Amino acid sequence: MKRVLGIETSCDETGVAIYDETEGLVSNIVYSQSDLHSRYGGVVPELASRDHIRKVLPIVDAALSDANLRKGDITGLAYTRGPGLMGALLVGAAVARSLAYALRIPGLGVNHMEAHLLAPMLEGERPDFPFLALLVSGGHTMLVSVLGHGRYQLLGESVDDAAGEAFDKTAKLLGLPYPGGPELAKLAERGTSGRFVFPRPMTGRPGLDMSFSGLKTFALNTVKKQLRDEQAAADIALAFEVAIVETLAIKCNRAMDQTGFKSLIVAGGVGANLRLRERLRTVAAARGAEVFYPRPSYCTDNGAMVALAGYYRLKAGECDGLDFGTNARWPLGTMLPPTVRD
Ligand code: KG4
Ligand code: ZN
């Protein structure tokens, strides 16, 4: 499997990338629809699907031209089959399957969360199996034991809001534009440490499940009572961010105790958060473990991780038939290792 083109359209980013077996990533283009959705304060699924339709083919062409390649140089196609927004997924799936058919090459729908999980493998320094994965995005917050490709065991997850969702909702409360996570993090930089203290949900009892919706309510009450000036907004942002980071750090520590794994990988959009990266680095160092991050642009949605996840499975001989499907939900724990098929 020489060269895989990956297409990501699960939510509000159109991403196309090309992964070459010997050269690695040779092109990677991400177009974010955030301007389109910002005035609605969140992703509008129908607008997302329509914009993917407009952008995906021009971005495929741009990705090929960036790498100085033609369509005929591609040997496999990968696309995000799920989880994600059904309409948005269908655009990538239809385009990828059609291209694969026209080019007479194998095409494969990949699991978006598996793609996030493998994103650290795009970097020079890669973790060896087994490792612990903290997947923190807008739709998921999970701790996963990763024994090998496709050998995933869910250790814990958020029982309500995902960490990214809590970031986005709290940012909205503070009057910040969508997507709120990075904006809130920026505001928190000016916050006074210790002025407000938010709870660390579900850390007082054993287990690796998490809950973040209470933090959002706590933020709402604090905003109602205390938001008198701009400094208070920054102080609330900081207290909220610290609470999420500390909660995730406690759960990661506990998961490493439980598994005995010496490597932790962090991926998904919230993995771009600098406070989280710094904190987990300290937590890992204190116990002689190592933490691996993809660079921030590989944490948020992109085609590179889809191309890579597709590459591993296409190389093993997996490929979809002419029919294609999408899965709005697709639990990581149901994945199987790449299988060789005739
Ligand atoms: O992985 P991703 O791009 O899309 C999903 O698959 O959900 O994650 C997007 C989420 C959003 O909730 C966004 O606010 C959050 O990641 N995010 C951040 C940061 N960058 C992105 N949250 C906190 N700090 C950041 N720097
Ligand atoms: Zn994602």
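Residues numbered from 1 in each chain as written. Chains lettered and ligands numbered in written order. Predicted model: local features only at pLDDT ≥ 70, side-chain atom pairs only at ≥ 80, totals over all residues. Heavy atoms only, no water.

**So, helix H9 (residues 274–286)**
Spelled out, the test is: Put simply, DSSP marks the helices as runs of H or I at least four residues long and the strands as runs of E at least two long, and each gets a number from the N terminus on. How far a helix is expected to stretch is found by multiplying one less than its residue total by 1.5 Å. Buried means the residue's accessible area, taken with a 1.4 Å probe over protein chains only, is under 20% of the maximum for its type, while exposed means over 50%, and partly exposed covers the values in between. The arc in question is traced by the directions running from the helix axis to the C-beta atoms. For this analysis, residues touch if any pair of their heavy atoms sits within 4.5 Å. Polar contact criterion, stated in full: a pair of N or O atoms within 3.5 Å, where within protein one must be able to donate a hydrogen and the other to accept it, and residues adjacent in sequence count only if both atoms are side-chain atoms.
Compared with the 18 Å implied by 1.5 Å per residue over 13 residues, the 18 Å span of H9 between its first and last C-alpha is a close match. Of the residues making up H9, those classed as buried are Leu276, Arg277, Leu280, Val283 and Ala284. Down the axis of H9, the smallest arc covering the buried residues is 130 degrees, so these residues share one side. Residues of H9 that are exposed and angled more than 90 degrees away from the buried face: Leu274, Ala285 and Ala286. Next to the buried residues of H9 lie strand S6 (131–136), helix H8 (230–259), strand S9 (263–267), strand S10 (290–292) and helix H10 (296–299). A distance of 3.1 Å separates the backbone nitrogen of Arg275 from a side-chain oxygen at the start of H9, and that oxygen is part of Asn273. At the C-terminal side of H9, Gly288 shows a positive phi close to 70 degrees.

**Focus: the domain arrangement of the protein**
Quick reminder of the rule: Note that domain bounds follow an automatic or database assignment of domains. A simple way to read buried area is as the amount of 1.4 Å-probe accessible surface that goes missing from two parts once joined, with both sides added. The working definition used for a salt bridge is a side-chain nitrogen of Lys or Arg within 4 Å of a carboxyl oxygen of Asp or Glu.
When its domains are assigned, the protein resolves into domain 1 (3–117 + 298–334) and domain 2 (129–293). A C-alpha centroid distance of 27 Å is found between domain 1 and domain 2. Taken together, the 18 residues of domain 1 in the interface contact 21 residues of domain 2. Overall, the association of domain 1 and domain 2 removes approximately 1500 Å² of surface from exposure, summing both partners, and the carbon and sulfur fraction of that is 72%. When the area that domain 1 buries against domain 2 is broken down by residue, the three leading residues are Met113, Leu117 and Cys299, summing to 39%. Counting across the interface, domain 1 meets domain 2 through 0 salt bridges.

**Quick word on the side chain of His37**
Here His37 shows up in helix H1 (residues 34–38). Of the residues examined, His37 reaches a relative accessible area of 0% and is grouped as buried. At 3.1 Å, the side chain of His37 forms a polar contact with the backbone nitrogen of Val44. With sequence-adjacent residues up to four places away left out, His37 is seen in contact with Asp12, Gly42, Val43, Val44, Leu47, Ala48 and Tyr178.

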